[in-house]
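Descriptive structure summary
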Amino acid sequence: YGSGNTIPGDCDCLDWPRMMRLGLKSRWQGLRYGVDFKSVEKGFVTISGIQSPEQRDEGQLWGEYNLGPFNLRGSIAESWEELLDANRHRLTTAATTAVQLNRSVWSGTLLSSYGLVEQGPDLNQETTVFSNRLAGLYRPFSVLSLGPSIGIKHEWDTATGYRTESPTTEFAIIYTPVQDKFRLTGGTSFTRTLNRYALTDVMTIGTRAIMDWKIGNFLGRDDMLSFNVNYNRQRDLIATGNSSDHLSGILQLKITGF
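Now for a description of the structure that goes with this document. Bear in mind that the values here come from a model prediction, so they are computed numbers and not experimental data. (Residues numbered from 1 in each chain as written. Predicted model: local features only at pLDDT ≥ 70, side-chain atom pairs only at ≥ 80, totals over all residues. Heavy atoms only, no water.)

**Quick look at the overall build of the chain**
A tally of helices and strands in the chain yields 0 helices and 13 strands. Listing each helix as α and each strand as β along the chain from the N terminus yields β-β-β-β-β-β-β-β-β-β-β-β-β. Taken across its 258 residues, the chain has 24% of its residues classed as buried. Relative to all contacts within the chain whose residues are 6 or more apart in sequence, the contacts with residues 24 or more apart total 41%. (Helix = DSSP H or I, 4+ residues; strand = E, 2+ residues; numbered from the N terminus. Buried < 20%, exposed > 50% of the residue type's maximum accessible area, 1.4 Å probe, protein only. Contact = heavy atoms within 4.5 Å.)

**Some points on a nonpolar patch on the surface**
A cluster of nonpolar residues, Tyr 65, Leu 67, Phe 70, Leu 72, Val 99, Leu 110, Leu 134 and Ile 150, forms a patch on the protein surface that exposes about 700 Å² of accessible area. Those elements giving two or more residues to the nonpolar patch turn out to be strand E3 (55–67) and strand E4 (70–83). Note on Phe 70: relative accessible area 38%, which makes it partly exposed. (Patch = residues over 30% accessible without salt bridge, like charges linked within 9 Å, V, L, I, M, F, W, Y side chains within 5 Å. Areas by Shrake-Rupley, 256 points an atom, 1.4 Å probe, with all protein chains shown as cover. Salt bridge = Lys/Arg side-chain N within 4 Å of Asp/Glu carboxyl O.)

**Re the environment of Arg 88**
Looking at the element boundaries, Arg 88 is found in strand E5 (residues 88–102). Looking at Arg 88, the relative accessible area reads 27%, which means it is partly exposed. Taking the C-alpha atoms as reference points, Arg 88 and Gln 119, separated by 31 residues in sequence, lie 7.1 Å from one another.

**Describing the pairing of strand E1 (residues 19–28)**
Across the 10 residues that make up E1, only a small minority, 0, are buried. Looking at chain direction, E1 and strand E2 (residues 31–40) are connected through 10 bridges and run antiparallel. Bridge pairing in E2 places Gly 23 opposite Asp 36. The turn joining E1 and E2, which pair antiparallel and follow one another in sequence, is formed by 2 residues; a positive phi near 55° is taken by Gln 29. (Pairing = 2+ DSSP bridges.)

**A closer look at the packing of aromatic side chains**
Applying the stated rule across the entire model yields 0 aromatic pairs. A cation over an aromatic ring shows up here: Arg 163 above the ring of Trp 156, its NZ or CZ 4.8 Å from the ring centre. (Phe/Tyr/Trp six-rings, centres within 6.5 Å; stacked < 30°, edge-to-face > 60°. Lys NZ or Arg CZ within 6 Å of the ring centre and 35° of its normal.)

**Topic: unusual backbone geometry**
Note: most peptide bonds trans; most residues except glycine with negative phi. Non-glycine residue Gln 29 carries a positive phi angle of around 55°. Position of Gln 29 among the secondary structure elements: in the loop between E1 and E2.

**Overview of the environment of Asp 222**
Inspection of the secondary structure assignment puts Asp 222 in the loop between strand E11 (201–216) and strand E12 (223–236). Put simply, Asp 222 and Thr 256 are 34 residues apart on the chain and 5.5 Å apart in space, counted from C-alpha to C-alpha. When near neighbours in sequence (up to four residues on either side) are disregarded, Asp 222 contacts Lys 214, Gly 216, Lys 254 and Thr 256.

**Observations concerning the pattern of salt bridges**
Across all of its chains, the model carries 10 salt bridges by this definition. Linking Glu 64 and Arg 32 is a salt bridge whose minimum nitrogen-to-oxygen distance equals 2.3 Å. Of this pair, Glu 64 sits in strand E3 while Arg 32 is found in strand E2, placing the two residues 32 residues apart along the sequence. You can call Glu 64 buried: its relative accessible area is 14%.

**Some points on the environment of Ala 98**
Turning to its location among the elements, Ala 98 is positioned in strand E5. Residue classification places Ala 98 among the buried positions, given a relative accessible area of 14%. With 26 residues separating them in the primary sequence, Ala 98 and Leu 72 have C-alpha atoms 5.9 Å apart. When residues no more than four places from it in sequence are discounted, the contact partners of Ala 98 are Asn 71, Leu 72, Arg 73, Leu 110 and Leu 111.

**Points about the side chain of Asn 228**
Residue placement: Asn 228 occurs in strand E12. By relative accessible area, Asn 228 is classed as buried at 15%. Engagement of the side chain of Asn 228 in a polar contact is seen with the side chain of Asn 230, the distance being 2.7 Å. (Polar contact = N/O pair within 3.5 Å; in protein donor to acceptor, adjacent residues only side chain to side chain.)

**Observations concerning the side chain of Thr 96**
Tracing the backbone through its elements, the reader meets Thr 96 in strand E5. Excluding residues within four positions of it along the chain, Thr 96 makes contact with Arg 73, Gly 74, Ser 75, Leu 111, Ser 112 and Ser 113.

These values are about where atoms sit, not about what they do.
In structure tokens form, the structure reads like this:
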């Protein structure tokens, strides 16, 4: 359950927006595979502070295989969103592949995704989405890790012909002064969404700070206390009235190993 200040007045928590997740996974020799299902109601707030704008159901079939230093992963997913404000639906089908290379002091991941987004009264309006992302992790010292990443997403509306591009860059620093006990993570990201017709030009800058403290045997066997602060600054360079700032903080207790 999660309250996102979308329901006026006092109410019982059973009336709050809910999220449900189900998953099955198994292993056969070096292959791991599974299926996931998630249903999110409008207004639900995740532990990262992001509020769900619409009702959303999604399912995913995935598999991954380990080849020594390489790890290969593929998935096929489908999601269904009910756009209440526009009185229509949105159906998204996507296929994703990822290749990860692990070394002693560094690792890298290349991820590619191709999807089709159908929306409208009869789902006859289609958008093609193609994205690529390259992420790395470098450990110059045992207590310090650096994680840069770059990516770009292309969207093409087949009905209007409009093309939108969203380049993204991120950088994270992970500091672990006490191994397996205490960890500090800081990061920043920059995303710009624009198209060649100057109909969209949105710039988003995000920063985050995370503190993880492994407190051990508290309620479970291997519990962790986590504090997360996120700040996002979004500026619409065309419709300035749509600009916004968002600050959130989450205190989370992770209980594992009963």
